[in-house]
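Coordinates in review
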Amino acid sequence: MERIGIYGGTFNPPHIGHIQAAKQAIPALGLDRLILIPAGVAPHKTLPEHSPTARQRLDMLRIAGADCPGLEVSDMELNREGTSYTWETVDELKKRFPDAELVLLMGSDMLLCFDRWKNPEKILKQASLAVFSRGGRGETAAVAAKKAQLEAVGGKITLVQNEVIDISSTQLRRLLAFHCADPFLPKGVGDYIRANSLYDVNADWKHLTMDELEQVVIRLLNSNRVAHVLGCRDTAVALAQRWGADVTDAARAGLLHDITKALDGPLQLTVCSEYGKVLNAFSRKYPRTLHALTGSLVAERIFGENEAVVSAICCHTTGKANMNVLETILYVADYMEPNRSFPGVEKLRKLAFTDLTAALKLGLEMTLEHLKDQGNEVSPESREALAWLNQEP
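One structure accompanies this document, and this report is about it. Bear in mind the structure is a predicted one, so any value in this text is a computation, not a measurement. Per chain, the residues get numbers from 1 upward, laid out in the order the sequence is written. Where local features are concerned, this predicted model is filtered to residues with pLDDT of at least 70; where side-chain atom pairs are given and counted, the filter is 80 or more; whole-chain, interface and lining totals use all residues. With hydrogens and water stripped out, all remaining heavy atoms of the structure feed into the side-chain values.

**Side note on the pairing of strand β1 (residues 3-9)**
At least two DSSP bridges between two strands are required for those strands to pair. Secondary structure counts use DSSP, requiring at least four H or I residues in a row for a helix and at least two E residues in a row for a strand, with both numbered from the N terminus. Bridging between β1 and strand β4 (residues 101-107) involves 5 bridges; their strand directions are parallel. By the bridge assignment for β4, R3 is matched with E101. Of the strand pairs in this sheet, β1 and strand β2 (residues 33-38) are connected by 6 bridges, and their pairing is parallel. Looking across to β2, one finds that I6 is bridged to I35. When the strands point away from the viewer and the path from the first strand over the helix to the second turns clockwise, the crossover is right-handed. Remark: the β1/helix α1 (residues 16-28)/β2 crossover connection has right-handed handedness.

Laid out in structure tokens, this is it:
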């Protein structure tokens, strides 16, 4: 009996994680063929603004899978009107291949919400499920429980250890905007994206007005980061007005200071590598601290910001010795903007408008104490910043 795998998704865009998972699944599951099916209108997510057309996603997927034996790309969901429900796809394939055994591939996150899909019982009657699992903390028990639940009603579920590169299409779209995505794109996909000006790769963001900059920044942030960034911008402006710094520079630095914050540690390292930045031992050990550095690189290269803005962004997390007024303002604003809530923040807010240097020192001291309590190392830059402040008369 022929075994046919079904691998659906938005593929917006397709990346090497998708293709490596497909290549891994074919031998692991004994598939005779694996059909990749881009969704027309996905039921579980809304495509972000400025996404490619469905046909462009199909083109990219065909390019991505061109060199993979046993892999096929189907436009069947794109040719259906309305929402692309998996049960309809499985039903259609069962009619096309009545004697075949269908295997539906999905990630563990999709398994955990499978009973909320449209007509999950119809899927289980016509296909088995193959679930890619990374065995992360908390995932193993939840996946095992859901597997047992579905098997109790007649489902057939196989767990496949996922050893492929862990990157989401959302993160990849950010890397594309930052011109750092090539390591994660299958051969030919990057050229297609650039030729068709997809995912902002050819956008000119070096002459944006303040309102335009805000709109672009919000698109590139996680939604839970937006209020903080806007609060930091407004606080930096208020401090710039109080202490005589350039208000425009303060506002732009505030908007851009966390522009790469959504990237995880490994992707922070990717940005540094793609931009040719050599890192010290501390940064390599703690890559999550790199968003200030990578943010400054993106601010300069992608947004064309001036040296003052770039420098302020670069040291807004750790500080450094001999900080100027704008650098100090951004560090303090990031620490005490209105959405922050921690013991001592009100004291810091009052101090910021009466003695900016003292506010910087207090912020550094609180940071070092917090890191010490957590058993974490302190960056060399933070130690140097506090040492410099302590030697001031």
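Continuing now.
**Digging into the nonpolar core**
The biggest cluster of nonpolar side chains holds 99 residues, and the ones touching the most others in it are L34, L105, L175, F178, I193, F303 and V332. Once residues lying within four places of it in the same chain are set aside, the contact partners of F178 are L220, I259, T260, L263, Y275, V298 and I302. Think of a nonpolar core as a cluster: buried Ala, Val, Leu, Ile, Met, Phe, Trp, Tyr and Cys residues, connected wherever their side-chain atoms sit within 4.5 Å. Each residue gets one of three labels from its accessible area relative to the maximum for its type: buried under 20%, exposed over 50%, partly exposed in between, using a 1.4 Å probe on protein chains only. The next biggest cluster of nonpolar side chains, apart from the first, holds 22 residues, and it includes L93, L104, L129 and L150. Working rule for contacts: check all heavy atoms of both residues, and any pair within 4.5 Å makes them a contact.

**What to know about the pairing of strand β5 (residues 127-133)**
With 7 of 7 residues buried, β5 is to be regarded as a mostly interior element. Of the two faces of β5, the one lined by A127, L129, V131 and S133 and the one lined by S128, A130 and F132 are each fully buried. With 6 bridges joining them, β4 and β5 adopt parallel strand pairing. Across the sheet, L102 pairs through a bridge with A127, a residue of β5. Note: β5 against strand β6 (residues 157-161), 5 bridges, orientation parallel.

**Focus on the packing of helix α11 (residues 247-256) against helix α15 (residues 307-314)**
Axes, fitted as lines to C-alpha atoms, cover a helix only where it is in contact. Angles between the N-to-C directions of the axes lie from 0 to 180 degrees. Relative orientation of the contacting elements α11 and α15 amounts to 40°, with a least axis distance of 9 Å. In terms of their interaxial angle, α11 and α15 are classed as oblique. Taken as a pair, α11 and α15 cross one another with a handedness that is right-handed. Residue-level contacts link D249, R252, A253 and L256 of α11 to A308, V309 and I313 of α15. Just so you know the grouping, Ala, Val, Leu, Ile, Met, Phe, Trp, Tyr, Cys and Pro go in nonpolar, Asp, Glu, Lys and Arg go in charged, and all remaining residues, Gly too, go in polar. Classifying every residue of the contact of α11 with α15 gives 5 nonpolar, no polar and 2 charged. The cut-offs work like this: below 35 degrees is roughly parallel, past 145 is roughly antiparallel, 65 to 115 is roughly perpendicular, and the gaps in between are oblique. A clockwise turn of the near helix away from the far one marks a right-handed crossing, whereas an anticlockwise turn of less than a right angle marks a left-handed crossing.

**A short note on the sheet that holds β1**
Each strand in a sheet pairs with another by means of backbone hydrogen bonds, the pair being arranged parallel or else antiparallel. The parallel open sheet is built from 6 strands, whose spatial order is β3-β2-β1-β4-β5-β6. At either margin of the open sheet sits one strand with a lone partner, and together these are β3 (71-73) and β6. Taken pair by pair, the neighbouring strands of this sheet meet at an average axis angle of 25°, ignoring direction. The sheet strands contacting helix α2 (residues 54-64) are β2 and β3, and the helix crosses β2 at an angle near 155°. Across the face of the sheet, helix α3 (residues 86-96) comes into contact with β1, β2, β4 and β5 while running at roughly 155° to β4.

**Looking at the pattern of salt bridges**
Criterion for a salt bridge: a side-chain nitrogen of Lys or Arg within 4 Å of a carboxyl oxygen of Asp or Glu. Per the counting criterion, the structure on display carries 21 salt bridges. Across the pair R33 and E72 runs a salt bridge, and its minimum N-O distance is 3.5 Å. Of this pair, R33 sits in strand β2 while E72 sits in strand β3, and the two are 39 residues apart along the sequence. A salt bridge links R80 to E88; the nearest nitrogen and oxygen atoms lie 3.7 Å apart. Residue E88 is classed as partly exposed on the basis of its relative accessible area of 27%. If you follow the salt bridges from partner to partner, you end up with R80, E88, E92 and R96 in one network.

**Notes on the packing of aromatic side chains**
Each Phe, Tyr or Trp ring, with Trp reduced to its six-membered ring, pairs with another whose centre is within 6.5 Å; inter-plane angles below 30 degrees give stacked pairs, above 60 give edge-to-face pairs, and intermediate values give tilted ones. For the coordinates displayed, the defined rule picks out 6 aromatic pairs. Aromatic side chains Y7 and F11 sit 5.7 Å apart centroid to centroid with 75° between the ring planes, which places their arrangement in the edge-to-face category. Taking the relative accessible area as the measure of exposure, Y7 reaches 11% and is therefore buried. Taken together, the ring pairs connect Y331, Y335 and F342 into an aromatic cluster. The ring of W87 carries K122 above its face, with NZ or CZ at 4.5 Å from the centroid. Placement of a charge over a ring requires the Lys NZ or Arg CZ to be within 6 Å of the ring centre, with the centre-to-atom vector within 35 degrees of the ring normal. Note that R301 overlies the ring of Y275, its terminal NZ or CZ placed 4.0 Å from the centroid.

**As for helix α17 (residues 345-352)**
Taken residue by residue, α17 has V345, L348, R349 and A352 as its buried positions. Each buried residue of α17 sits inside an arc of 100° when the element is viewed along its axis, so together they form one side. Residues of α17 that are exposed and point over 90 degrees away from its buried face: K347 and K350. On the buried face of α17, the contacting elements are α10 (226-243), α16 (325-336) and α18 (356-374). By arc we mean the arc of the directions from the helix axis to the C-beta atoms, nothing more.

**Observations concerning unusual backbone geometry**
Omega for the bond connecting N12 with P13 falls within 30 degrees of zero, at 0°, which places this linkage in the cis form. Within the secondary structure, P13 sits in the loop between β1 and α1. With a phi close to 55°, S197 is a non-glycine residue in the positive phi region. The residue S197 is located in the loop between α8 (189-195) and α9 (210-220) in this model. A residue is classified by how much of its surface remains accessible, and S197, at 46% relative accessible area, is partly exposed. Non-glycine residue D200 carries a positive phi angle of around 65°. Tracing the backbone shows D200 in the loop between α8 and α9.

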